[in-house]
Amino acid sequence: MSAGVKLLTVSVDEGEQRLDRWLKRRFPQVNQIAVEKMCRTGQIRVDGGRVKAATRVVPGQTVRVPPLPEAEVVARQRAERPTGPQVGDDDTKMIQAAVLWRDEHIIALNKPPGLPSQGGSGLGGRHVDGLTEALKFGFKERPKLVHRLDKDTSGVLLLARTDRVARALSESFRHRTTRKIYWAVVAGVPNPRKGTIRFGLVKAPGRGSHGEGEKMICIHPSKVDQTDGAKRATTDFAVLSMLGTRAAWVALVPITGRTHQLRAHMAELGHPIIGDGKYGGSGQENLGDGWGAQLGGDISRKLHLHARSISFQHPITKKSITLTAPLPDHMARTWNTFGWSENDVPADPFEDAE
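Residues numbered from 1 in each chain as written. Predicted model: local features only at pLDDT ≥ 70, side-chain atom pairs only at ≥ 80, totals over all residues. Heavy atoms only, no water.

**Here's the deal with helix α7 (residues 329–338)**
Phase 1 of the analysis: Along α7, the residues that are buried comprise His330, Met331, Thr334, Trp335 and Phe338. Down the axis of α7, the buried set is contained in an arc of 140°. They therefore lie on one face. For α7, exposure combined with an orientation more than 90 degrees from the buried face picks out Asp329, Arg333 and Asn336.
Phase 2 of the analysis: Next to the buried residues of α7 lie β11 (179–187), β15 (235–243), β16 (247–254) and β17 (305–313).
Phase 3 of the analysis: Gly339, located one to two residues past α7, shows a positive phi value of around 75°. (Buried < 20%, exposed > 50% of the residue type's maximum accessible area, 1.4 Å probe, protein only. Helix = DSSP H or I, 4+ residues; strand = E, 2+ residues; numbered from the N terminus. Arc of directions from axis to C-beta. Contact = heavy atoms within 4.5 Å.)

**Let's talk about the environment of Gly42**
Phase 1 of the analysis: Locating Gly42 in the fold gives a position in the loop between α2 (32–40) and β3 (45–46).
Phase 2 of the analysis: The buried category is assigned to Gly42, whose relative accessible area is 7%.
Phase 3 of the analysis: Between the C-alpha atom of Gly42 and that of Lys52, which follows or precedes it by 10 residues, the distance is 9.3 Å.
Phase 4 of the analysis: Setting aside chain neighbours within four positions, we find Gly42 in contact with Arg50 and Arg64.

**Observations regarding the pattern of salt bridges**
Phase 1 of the analysis: Under the definition given, this model contains 12 salt bridges.
Phase 2 of the analysis: Its salt-bridge partner being Asp20, residue Arg18 comes within 2.6 Å of it at the nearest N-O pair.
Phase 3 of the analysis: With a shortest N-O distance of 3.1 Å, Arg232 and Asp225 are connected by a salt bridge.
Phase 4 of the analysis: Judged by relative accessible area, which is 60%, Asp225 ranks as exposed.
Phase 5 of the analysis: The structure contains a network of salt bridges with shared partners spanning Asp150, Arg263 and Asp276. (Salt bridge = Lys/Arg side-chain N within 4 Å of Asp/Glu carboxyl O.)

**Things to note about the environment of Trp340**
Phase 1 of the analysis: Locating Trp340 in the fold gives a position in the loop between α7 and α8 (349–353).
Phase 2 of the analysis: Assessed through its relative accessible area of 10%, Trp340 is described here as buried.
Phase 3 of the analysis: For Trp340 and Met242, which are 98 residues apart along the polypeptide, the C-alpha to C-alpha distance reads 9.1 Å.

**Concerning the sheet that holds strand β6 (residues 62–65)**
Phase 1 of the analysis: Across the sheet, which stays open at both edges, the four strands sit in the order β1-β6-β3-β4 with antiparallel pairing between neighbours. Each end of this open sheet is capped by a strand with a single partner; those strands are β1 (6–9) and β4 (49–50).
Phase 2 of the analysis: In this structure, β3 lies alongside β4, joined through two bridges in antiparallel fashion. Looking at the pairing, Arg45 lines up with Arg50 of β4. (Pairing = 2+ DSSP bridges.)

**A look at the confidence of the model for the protein chain**
Phase 1 of the analysis: Put simply, the protein chain has an average pLDDT of 87, and 87% of its residues get 70 or more.
Phase 2 of the analysis: By mean pLDDT, the top-scoring element of the protein chain is strand β8 (residues 106–111) (98), and the lowest-scoring one is helix α3 (residues 71–80) (64).
Phase 3 of the analysis: In the predicted structure, residues 283–288 sits below a pLDDT of 50 and forms 16 contacts with residues beyond four places in sequence or in another chain. (pLDDT = per-residue confidence, 0-100.)

**Details of the side chain of Ser172**
Phase 1 of the analysis: You can see Ser172 is positioned in helix α5 (residues 163–174).
Phase 2 of the analysis: Assessed through its relative accessible area of 13%, Ser172 is described here as buried.
Phase 3 of the analysis: A distance of 2.6 Å separates a polar atom in the side chain of Ser172 from the backbone oxygen of Leu169.
Phase 4 of the analysis: The residues touching Ser172, leaving out its near neighbours within four places in the chain, are Thr177 and Thr178. (Polar contact = N/O pair within 3.5 Å; in protein donor to acceptor, adjacent residues only side chain to side chain.)

**So, the packing of aromatic side chains**
Phase 1 of the analysis: Evaluation of the coordinates by the stated rule reveals six aromatic pairs.
Phase 2 of the analysis: Between Trp249 and Trp340, the aromatic rings sit 5.5 Å apart at their centres with planes inclined by 35°, giving tilted as the arrangement. Of this pair, Trp249 sits in strand β16 while Trp340 sits in the loop between α7 and α8, and the two are 91 residues apart along the sequence.
Phase 3 of the analysis: Residue classification places Trp249 among the buried residues on the basis of a relative accessible area of 1%.
Phase 4 of the analysis: Here Trp335 and Trp340 contribute two aromatic rings whose centre-to-centre distance is 5.3 Å and whose plane-to-plane angle is 80°, an arrangement assigned as edge-to-face. For the pair formed by Trp335 and Trp340, the shared burial category is buried.
Phase 5 of the analysis: Taken together, the ring pairs in this structure connect Trp183, Trp249, Trp335, Phe338 and Trp340 into an aromatic cluster. (Phe/Tyr/Trp six-rings, centres within 6.5 Å; stacked < 30°, edge-to-face > 60°.)

Put into structure tokens, the structure is as follows:
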């Protein structure tokens, strides 16, 4: 701490200005919170009187300044301070075990179901973005999310290790040069077995005070332009295997990237994704057999939607990269129950069919 109380005079060159700004220009090591506290407790005074941080000082006034931390000490403490939130041992092990692939530029995770990509209303404080301190692996900066997955959707999630790579990957997502293939189990069997869904989507406000529980509503393509807030959305789908007429294993490619797009589109077809209570509850009418979004028995009630693979051009090496994520436990059990094998289908059924 600097020794003793100082009595400083506001100079003519400094002119009239707010006290907090005047003080921080003279003592840059002091932050706004500290200034307000010292004013509130009477440690900082102007011409002997109590003041607020926003009080304007004028040339000739005398400002009482209490002992302050030395600038060099504050600078050293800031440099030594962790750059991100600290992550507990269990979460560190969990998020590091989720690393699917990494190099000096990119980290790919196989995001577990139930873990949000980012924080938000109703999502709590535990999310991928909040755990990236454990994914630095020797780098100074935390990796940055370049896209998101819904909380209950598992699978491939990319993070950039530098700002340059983050910008490049964001551009590739924006221009749709990155290809993502999802796997899902849906109620019933879509007919035809392969096609494209073009229903637009518009957001219906949630019931919570901050919009929690929001849901997307499908709009017929012919009415999208006449519907306020509606956006066009396109999804390719292909049936990979069937369990009679009760359920189907489908591959989904989101051509656009709208909120809840795959879930809303499959429900609109009458074949909601298994475990999707938001878009395929027990009252969801299903074309053909009337199934809702649960199959009963030993089939998990968790969402059966998984970002299986992602293909992109590496922004630095320019190599073509394809990453594939193993199924989460609850979906792997469903595959085992139905007798399906991950090796029985092509990596990209849309290209294979063509």
